Amino acid sequence: MRRVILFNLTTLDGFFEDDNGALDWFVIDQEFNEFAINQLASVDTILFGRVTYQMMASYWTTEGAIERDPIVARAMNQTSKIVFSRSLERVEWANSRLVKEKVAEEISALKQEPGKDMIIFGSAKLAATLSQNGLIDEYRVLVNPVVLGSGHPLFQGFRGRFQLKLLHTKVFSSGNVLLAYRPK
């Protein structure tokens, strides 16, 4: 059975973006890029909400992104993408398809299909919906050695309390720390 993995970067004080939605605080280096390449190779589908989809599509398809990071750009552009949005009418990024309703049912069906794992990047509202329906199998949080003081909380929109079991950690030389959990 395929799994759904949530991957997000966060600050030490728990924000996934600043008050203006900026992500310029990410600590990115060669070690992180190697991790990102390996993580992308382990999945065959990326799950997005509208906001994250539009941000990623507008970046990874540019010549600048392809020149700066050709391996990740190729993976992002070639990997299947499913976009969950009620407001979008169409999606144009290569290998993308749009789902407008019945999110939980769609993910439940996808988990039963053969293939590699699926991953959610960003997409806080989608992540909250899937979490509340018990559809996230692993939470990967990469804590960056940065404090913003304010911003949008990583688990904004999540309702209720849920317990997690630590699977593993990875400490990066940059000070980033990966925490991987599964629901109890």
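Now for a quick tour of the structure. (Residues numbered from 1 in each chain as written. Predicted model: local features only at pLDDT ≥ 70, side-chain atom pairs only at ≥ 80, totals over all residues. Heavy atoms only, no water.)

### A few points about the pairing of strand E7 (residues 138-144)
Along E7, 7 of the 7 residues are buried, which leaves the element largely enclosed by surrounding structure. Neither face of E7 is left uncovered, since the one carrying Glu138, Arg140, Leu142 and Asn144 and the one carrying Tyr139, Val141 and Val143 both have all their residues buried. Relative to E7, strand E1 (residues 4-11) runs parallel, the two sharing 7 bridges. Bridging across to E7, phenylalanine 7 finds its partner in arginine 140. Taken together, the 5 bridges between E7 and strand E10 (residues 177-183) define a ladder with antiparallel strand orientation. Each residue of the ladder has a partner; that of tyrosine 139, found in E10, is tyrosine 181. (Buried < 20%, exposed > 50% of the residue type's maximum accessible area, 1.4 Å probe, protein only. Helix = DSSP H or I, 4+ residues; strand = E, 2+ residues; numbered from the N terminus. Pairing = 2+ DSSP bridges.)

### Some details on the environment of phenylalanine 26
Secondary-structure assignment places phenylalanine 26 in the loop between strand E2 (15-17) and helix H1 (30-41). Not counting chain neighbours up to four residues away, the residues in contact with phenylalanine 26 comprise Leu9, Phe16 and Asn144. (Contact = heavy atoms within 4.5 Å.)

### Notes on the environment of alanine 22
Its location among the elements puts alanine 22 in the loop between E2 and H1. Classification of alanine 22 as partly exposed rests on a relative accessible area of 25%. In the structure, alanine 22 is positioned 60 residues away from isoleucine 82 in sequence and 23 Å away in space, judged by C-alpha atoms.

### Some remarks on helix H2 (residues 50-60)
Among the residues of H2, those classed as buried are Thr52, Tyr53, Met56, Ala57 and Trp60. The arc that holds every buried residue of H2, seen down its axis, measures 125°, which confines them to one face. Those residues of H2 that are exposed and angled more than 90 degrees off the buried face are Val51 and Ser58. Along its buried surface, H2 packs onto strand E3 (43-49), helix H3 (63-68), helix H4 (70-78), strand E4 (80-84), strand E5 (96-99) and strand E6 (117-121). (Arc of directions from axis to C-beta.)

### Focus: the layout of surface pockets
Its boundaries defined by the atoms lining it, the largest pocket holds a volume of some 1,400 Å³. What lines the largest pocket is a set of 46 residues, among which Thr52, Met55, Phe121, Gly122 and Ser123 lie closest to the centre. Of all the secondary-structure elements, those providing two or more residues to the lining of the largest pocket are E1, E2, H1, H2, H4 and helix H6 (124-132). With 7 residues, H2 is the largest single contributor of residues to the lining of the largest pocket. Taken together, the residues of the lining of the largest pocket sort by class into 23 nonpolar, 14 polar and 9 charged. (1 Å grid on protein atoms, 1.4 Å probe; cavity = no way out; pocket = protein on both sides within 12 Å on 5 of 7 lines; lining within 4 Å. Points joined across faces, edges and corners; volume = space filled by probe spheres on them. Nonpolar A, V, L, I, M, F, W, Y, C, P; charged D, E, K, R; others polar.)

### Remarks on the pairing of E3
With 6 of 7 residues buried, E3 is to be regarded as a mostly interior element. The pairing of E3 with E6 spans 4 bridges and is classified as parallel. Note that in E6 the partner of valine 43 across the bridge is aspartate 117. In the sheet, E3 pairs with E4 via 5 bridges, with the strands oriented parallel. In the strand pairing of E4, leucine 47 is matched with isoleucine 82.

What is shown is where atoms sit, not what they do.
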